[in-house]
Amino acid sequence: MNVSVHDVPGILILLAAAVLAATFLGRLKVPPLLAYVVTGIVIGPAGIGFVREPESLAGFADFGVVFLLFAIGLDLPLNRLRAMRRFIFGLGTAQVLATLFAIGILLGLLVLFGLLAPSAGTVIAIAGGLALSSTATVVRLMVERRETMTRFGRATVAVLLLQDLAVVPLLTLIGVMATPEGNFDLLAAAFGLAKGIAAIALILFGGRIVLKPLFHLVADAASPELFTGLTLLVVLGLGMVAELAGMSMALGAFLAGLALADTPFRHQVDADVEPFRGLLLGLFFVTLGMMLDLRMLIDQPLLVIALTLALIALKASIAAGLGRLFGLDPGPAIRFGTLLAQAGEFTFVAVNLALGNRLMDQETASLVAIVAALSLALTPFVVSLGARLATLIEDRTRDPDLSPHDIPEVPSHVLIAGFGRVGRTVAEVLKAADIPYMAIDASTHAVATARAEGYPAFYGDCRLPAVLRSIDIMRTSVVVIALDNVPASLATLQAVRQLVPDMPVIVRARDLAAARDLRRAGATDVVPETIEASLALAGGALRIQGKDAEEVEDRLAGFRRKAELSTEKKNQ
């Protein structure tokens, strides 16, 4: 990346534009990706012209793709892939290949009629890019519509995961397909892929051996700054190693994410890189918007609109048809199809990479990018239309009893914040009742010991909303805060409430004074351990003395109320 002092004003404009786009257009419910692209168009040469040479900032903005690929790798632990393997590797692979094949045929026809340059690289870059969908846009829509836990919602997430996996070979192929003259060379491509596979194996397996103990050592220092610094070093360092091996920094970052995906540190790492990823990715799409040539949209608006609608119809119909083949009912299959009907983040990345490698001319790249942007802009309307059509079909074909495939699943996942003595006891009870749970703790020793004993424990600071987002707090049914530190418990409670205001939260407290503070902060239930231990002992004595269970519970409840009132009076 070559950034000089003369580029600083452009970088400042880029940062200001990204902040304004995220703030104002976000309030209008505009998809973030589209907001950034539109902002880039406005401030670029095609708009106001604040930045006349956006190419000078491209190297700086490319770091957004590096961090995005790292996050994708981090989100792909083997257990997740195994749990959803039928939808991921079956439905997901079928969707990508079928869409790639269909778009490839259409592009081949355009080549035959002389409307597109006869280049295999161009066809692969366009078809591969357009076969992908926008993970950020789709997941956001599903969360807003409360569809993530439906069967078609899980199928959609699985396909998006496979698409994320498909990005790596696609970008690698585009990167090695061109010779210096810009021509496709099959032998060079094959050699480049073989070299890339060898480097991937070296980085991935070497990273798994080295990174886990390294992160454990740094986490033991209990310094958030050091931990974040190590994360950035790994992302950029392995990215640089991949680049030196003839691949891209983005691929190296993806491999770094994969190497960390099955470690207990992945949630804290994800939280640490989230601000960098969001900002730098925004800068990438602003820069991309600045480089768009809108003359095609102005000169041939009907062609652009027709191509956009054709893309949406093609992708929606292919996905819906495959959804039916994989067991979705007609209504959910339509919803599934319309959710995946748009182009995605990596459509722009693939086009930009192909343009940089001279596999695509500027006019074609601008046309594909404009069609992709319009398909993203239309996504909320397409999804709403699909929902209405699905509802109409469901109303006509619905049995008196709702199909079990269409019933949203009630999340049963329990999050235990703090995995000391109390947290372990809670985990044992949940395990005995066959209730799924996961634990998070800021002590590397506690996490390492728990994982060695088979507990699903992860390292992370549960007081941070970014960590809670990383562990998918939206799929949690109840949070049990088992920390022995009142300020940490209050901070964790506030972080949970910030993300999910109605989440049931049960909190451990040392005494009644702490219990009062936690209740005022919004805890659903608080268990003061000193009082409960005393009452449990008293209850045992009463039962041995012949008191029946109902009388014992009544007496203990009376003493709880009396102790709470006494504490209230002392603090008034």
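Throughout what follows, the structure given in this document is the object of discussion. Note that this is a predicted model, so its numbers are computed, not measured. (Residues numbered from 1 in each chain as written. Predicted model: local features only at pLDDT ≥ 70, side-chain atom pairs only at ≥ 80, totals over all residues. Heavy atoms only, no water.)

1. Side note on the overall build of the chain
A tally of helices and strands in the chain yields 26 helices and 6 strands. Among the 572 residues that make up the chain, the fraction classed as buried is 49%. In the chain, once contacts between residues fewer than 6 apart in sequence are set aside, the share between residues at least 24 apart is 73%. Looking at the chain as shown, the accessible area adds up to about 27,100 Å², and 65% of this sits on carbon and sulfur atoms. (Helix = DSSP H or I, 4+ residues; strand = E, 2+ residues; numbered from the N terminus. Buried < 20%, exposed > 50% of the residue type's maximum accessible area, 1.4 Å probe, protein only. Contact = heavy atoms within 4.5 Å. Areas by Shrake-Rupley, 256 points an atom, 1.4 Å probe, with all protein chains shown as cover.)

2. Comments concerning the sheet that holds strand S2 (residues 437-441)
Taken in spatial order, the 6 strands of this open sheet run S3-S2-S1-S4-S5-S6, and their pairing is parallel. Looking at strand neighbours, the two that pair on one side only are strand S3 (457-459) and strand S6 (525-528), the edges of this open sheet. Across this sheet, the average inter-strand angle for adjacent strands is 20 degrees, counted without regard to direction. As paired elements, strand S1 (residues 413-417) and S2 share 4 bridges and run parallel to each other. Paired with leucine 415 across the two strands is methionine 438, which belongs to S2. (Pairing = 2+ DSSP bridges. Axes fitted to C-alpha atoms, helices over the stretch in contact; angles between N-to-C directions.)

3. What to know about the pairing of S1
Most of S1 is tucked away, with 4 of its 5 residues classed as buried. As paired strands, S1 and strand S4 (residues 476-481) are joined by 5 bridges and run parallel to one another. Following the sheet pairing, alanine 417 is matched in S4 by isoleucine 481. Following the backbone out of S1, through helix H20 (residues 421-432) and into the adjacent parallel S2, one traces a crossover that is right-handed. (Right-handed = clockwise from strand over helix to strand, strands pointing away.)

4. Observations regarding the side chain of threonine 308
Take threonine 308: it is sitting in helix H15 (residues 301-325). In terms of polar contacts, threonine 308 uses its side chain to reach the backbone carbonyl oxygen of valine 304, at 2.8 Å. (Polar contact = N/O pair within 3.5 Å; in protein donor to acceptor, adjacent residues only side chain to side chain.)

5. Points about empty space enclosed by the protein
Scanning all chains against the criterion turns up 2 cavities of 30 Å³ or more. Residue lining of the largest cavity: Leu288, Met291, Leu292, Phe348, Val351, Asn352, Leu355, Gln362, Ala365, Ser366 and Ala369, and that is the complete set. Contributions of two or more residues to the lining of the largest cavity are made by helix H17 (345-356) and helix H18 (362-377). Of the residues belonging to the lining of the largest cavity, the class tally is 8 nonpolar, 3 polar and no charged. Of the voids in this model, the second largest cavity is the one considered here, and its volume is about 30 Å³. Arg145, Glu147, Phe152, Arg335, Leu339, Val383 and Ala387 are the residues that line the second largest cavity. When residues of the lining of the second largest cavity are traced back to their parent elements, those giving at least two are helix H16 (330-339) and helix H19 (379-397). Here the lining of the second largest cavity is composed, by residue class, of 4 nonpolar, no polar and 3 charged. (1 Å grid on protein atoms, 1.4 Å probe; cavity = no way out; pocket = protein on both sides within 12 Å on 5 of 7 lines; lining within 4 Å. Points joined across faces, edges and corners; volume = space filled by probe spheres on them. Nonpolar A, V, L, I, M, F, W, Y, C, P; charged D, E, K, R; others polar.)

6. Re the pattern of salt bridges
Applying the stated criterion to the full structure yields 4 salt bridges. For glutamate 274, the salt bridge identified is with arginine 469, shortest N-O distance 2.8 Å. You can see glutamate 274 sitting in helix H13 (residues 266-290) and its partner arginine 469 sitting in helix H22 (residues 465-470), a full 195 residues away along the chain. With a relative accessible area of 24%, glutamate 274 lands in the partly exposed category. The partner of arginine 424 in a salt bridge is glutamate 453, and the shortest N-O contact between them spans 2.7 Å. Highlighted residues: arginine 424 in helix H20 and glutamate 453 in the loop between helix H21 (444-452) and S3, separated in sequence by 29 residues. (Salt bridge = Lys/Arg side-chain N within 4 Å of Asp/Glu carboxyl O.)

7. Some words on the packing of H15 against H18
The geometry of H15 relative to H18 is characterised by a closest axis approach of 9 Å and an angle of 60 degrees between their N-to-C directions. The angle between H15 and H18 falls in the class oblique. When the axes of H15 and H18 are compared, the crossing they make is right-handed. Contacts from Val304, Leu307, Thr308, Leu311 and Ile312 in H15 reach Leu367, Ile370, Val371, Leu374 and Ser375 in H18. Residue classes in the contact of H15 with H18 are distributed as 8 nonpolar, 2 polar and no charged. (Parallel < 35°, antiparallel > 145°, perpendicular 65-115°, else oblique. Left-handed = near helix turned anticlockwise from the far one by under 90°.)

8. Observations regarding the environment of leucine 100
Position of leucine 100 relative to the elements: it lies in helix H6 (residues 85-112). When the C-alpha positions of leucine 100 and leucine 132 are compared, they lie 8.9 Å apart, and in sequence the two are 32 residues distant.

9. Some details on the packing of helix H2 (residues 32-43) against H13
Contact pair H2 / H13: the axes reach a minimum separation of 6 Å and the direction vectors enclose 45 degrees. In this view, H2 runs oblique relative to H13, as classed from their interaxial angle. Crossing of H2 over H13 shows right-handed handedness. From H2, Leu33, Tyr36, Val37, Gly40, Ile41 and Ile43 reach across to H13, where they touch Gly278, Gly282, Phe285, Val286, Gly289 and Met290.

10. Notes on the packing of aromatic side chains
The final tally for this structure, using the stated rule, is 7 aromatic pairs. Members of the aromatic cluster, joined through ring pairs, are Phe215, Phe227, Phe265 and Tyr459. Stacked on the ring of phenylalanine 458, the Lys or Arg arginine 451 has its end atom at 5.1 Å from the ring centre. (Phe/Tyr/Trp six-rings, centres within 6.5 Å; stacked < 30°, edge-to-face > 60°. Lys NZ or Arg CZ within 6 Å of the ring centre and 35° of its normal.)

11. Some points on H17
Look at H17: 17 Å from first C-alpha to last across 12 residues, which is about the 16 Å you get at 1.5 Å a residue. Every buried residue of H17 is accounted for by Glu345, Phe346, Thr347, Phe348, Val349, Ala350, Val351 and Ala354. Among the residues trailing H17, arginine 358 stands out with phi positive, at a value near 60 degrees. (Expected span 1.5 Å × (residues − 1).)

12. Looking at the environment of threonine 338
Its location among the elements puts threonine 338 in helix H16. We classify threonine 338 as buried; its relative accessible area is 11%. The spatial distance from the C-alpha of threonine 338 to the C-alpha of alanine 316 is 5.0 Å, given a sequence separation of 22 residues. Setting aside chain neighbours within four positions, we find threonine 338 in contact with Ala316, Val382, Val383 and Gly386. At 3.1 Å, the side chain of threonine 338 and the backbone oxygen of arginine 335 are in polar contact.

13. Considerations on helix H24 (residues 512-520)
All of the buried residues in H24 are Leu512, Ala514, Ala515, Arg516 and Leu518. At the exit of H24 stands glycine 522, carrying a positive phi of roughly 115 degrees.

Interpretation in functional terms is not warranted from these geometric data alone.
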